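# Overview (structure and organization)
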Amino acid sequence: MKKAHTIIGIVISLVIGALVILAGSHGSIPVAGQPLFALCGVIGFALHWSVFVPSYIFQTEHYFDLTGSISYISTVAVAAALNPQLDARDIIICAMIFIWAVRLGSFLFWRIKKDGQDKRFTVMKTQPIWFLMTWTLGGLWVLVTMAAGLAAITSSTTAEMGPLSWLGCALWLFGMTVEVMADRQKTQFRAVPENRSRFITTGLWAWSRHPNYFGEWLFWAGLALFGLAAVPSAWFWVLPGAVAMLVMFLVASIPMIDKRSLARRPEYATHMQQVSGF
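This one's a predicted model, so the numbers in the text were calculated from it and none came from an experiment. (Residues numbered from 1 in each chain as written. Predicted model: local features only at pLDDT ≥ 70, side-chain atom pairs only at ≥ 80, totals over all residues. Heavy atoms only, no water.)

## Let's talk about the nonpolar core
Counting residues in each nonpolar core, the largest one holds 47 residues, and the members touching the most others are Tyr-72, Ile-97, Trp-100 and Trp-220. With nine residues, helix α5 (residues 88-115) is the largest single contributor of residues to this core. With near-sequence residues (within four places) excluded, Trp-100 lies in contact with Tyr-72, Met-176, Glu-179, Glu-216, Phe-219 and Trp-220. Within the second largest apolar cluster, nine residues are counted, among which are Phe-52, Met-124, Trp-130 and Phe-131. (Core = buried A, V, L, I, M, F, W, Y, C linked by side-chain atoms within 4.5 Å. Buried < 20%, exposed > 50% of the residue type's maximum accessible area, 1.4 Å probe, protein only. Helix = DSSP H or I, 4+ residues; strand = E, 2+ residues; numbered from the N terminus. Contact = heavy atoms within 4.5 Å.)

Below, the structure written as structure tokens:
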């Protein structure tokens, strides 16, 4: 990627992050004169930039996904610790994000340690500005995706758990179950030597080519409902996190993985026609 494009990418990421922080700070609990949402919003960026330095020096991508998970955990931990009026709804949201981040972060870290590399970073990690842009996007992704939950946790108003919040809980539970089952089924499938040249078509994978993505999106949709219940007037920036996740899966992740599968296994084309992508 051209250096100019990566610099533009970094600038755009920071502008979008600043706009989200500005929007989320309205109605946020003040801490030392600063909105709690803003204080929490910069944590993801700070952690990603901190880990970028040694990652570039040692030319490793092993800690990228783990840093994202730690960013989610650190952000909700700070939000909960600095919120003097934490209620049941806030605690539930913190628990949802914490459980998801620990589960997925440990799974991805274990996987890359086992595989030895992530081919997405092969060229990228040798180019400092491009590599920095990716880590900056990681910080932005943390902020955008959890903006709804963070808005609810840091809101200066408290509210009882209503129908929208309980629906969010149900989506989270169902989504987590689907994601965990899908990852476990695929891990067990890959553990069989005879399956190394095959693609999985059993279990949840018989119904969807990417059930793990579907489960993860349900988690973020549930979190968006919590944010909408907490600050309904801010729907225009609370909901984009779940929408962005859906767009990423449908436009980027799924087409990229399907293309790779087709290149390795031509019979995958028939599977694509028979099984839903999402």
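## Brief notes about the packing of aromatic side chains
Under the defined criterion, the tally for this structure stands at 18 aromatic pairs. Here Phe-131 and Trp-135 contribute two aromatic rings whose centre-to-centre distance is 5.9 Å and whose plane-to-plane angle is 85°, an arrangement assigned as edge-to-face. Pair noted here: Phe-131 and Trp-135 are both in helix α6 (residues 128-145), with a separation of four residues, about one helical turn. For Phe-131, a relative accessible area of 0% translates into the label buried. The class for Trp-135 is buried, based on a relative accessible area of 0%. Grouped by ring-pair contacts, the aromatic residues Phe-52, Tyr-56, Phe-64, Phe-121, Phe-131 and Trp-135 constitute a single cluster. The positively charged end of Arg-103 is found above the aromatic ring belonging to Phe-107, 5.5 Å away from the centroid. (Phe/Tyr/Trp six-rings, centres within 6.5 Å; stacked < 30°, edge-to-face > 60°. Lys NZ or Arg CZ within 6 Å of the ring centre and 35° of its normal.)

## A short note on unusual backbone geometry
The phi angle at Ala-32 is positive, at roughly 55°, despite the residue not being glycine. Within the secondary structure, Ala-32 is located in the loop between β1 (30-31) and β2 (34-35). Using a relative accessible area of 81% as the deciding quantity, one classes Ala-32 as exposed. At Gln-59, a position not held by glycine, the phi torsion is positive, near 50°. As for its placement among the helices and strands, Gln-59 is situated in the loop between α3 (43-57) and α4 (64-82).

## Some words on α3
When the terminal C-alpha atoms of α3 are compared, their 22 Å separation across 15 residues agrees well with the 21 Å that a helix rising 1.5 Å per residue should span. Where α3 is buried, its residues touch α1 (3-25), α2 (36-41), α4 and α6. One or two residues past the end of α3 sits Gln-59, with phi positive at roughly 50°. (Expected span 1.5 Å × (residues − 1).)

## A few points about the pattern of salt bridges
By the definition in use, this model includes six salt bridges. With a closest N to O distance of 2.9 Å, Arg-103 and Asp-183 form a salt bridge. Of this pair, Arg-103 sits in helix α5 while Asp-183 sits in helix α8 (residues 163-190), placing them 80 residues apart in sequence. Residue Arg-103 shares its accessibility class with Asp-183, and that shared class is buried. The partner of Arg-120 in a salt bridge is Asp-118, with the nearest N and O atoms 2.5 Å apart. Residue Arg-120 is classed as partly exposed on the basis of its relative accessible area of 39%. Taking the relative accessible area as the measure of exposure, Asp-118 reaches 17% and is therefore buried. (Salt bridge = Lys/Arg side-chain N within 4 Å of Asp/Glu carboxyl O.)

## Structural notes on α8
Look at α8: 41 Å from first C-alpha to last across 28 residues, which is about the 40 Å you get at 1.5 Å a residue. Buried within α8 are the following residues: Ser-165, Gly-168, Cys-169, Trp-172, Gly-175, Met-176, Val-178, Glu-179, Ala-182, Asp-183 and Phe-189. Lining the buried residues of α8 we find α5 and α9 (211-230).

## So, the packing of α3 against α4
Two numbers describe how α3 lies on α4: the axes approach to 9 Å, and their chain directions differ by 145°. Two packed elements cross with a definite hand, and for α3 against α4 that hand is right-handed. Contact with α3, carried on its side by Ile-43, Gly-44, Leu-47, His-48 and Val-51, involves Phe-64, Thr-67, Gly-68, Ile-70, Ser-71, Ser-74, Thr-75 and Val-78 of α4 and no other residues of that element. Looking at the contact of α3 with α4 residue by residue, the class counts come to six nonpolar, seven polar and no charged. (Axes fitted to C-alpha atoms, helices over the stretch in contact; angles between N-to-C directions. Left-handed = near helix turned anticlockwise from the far one by under 90°. Nonpolar A, V, L, I, M, F, W, Y, C, P; charged D, E, K, R; others polar.)

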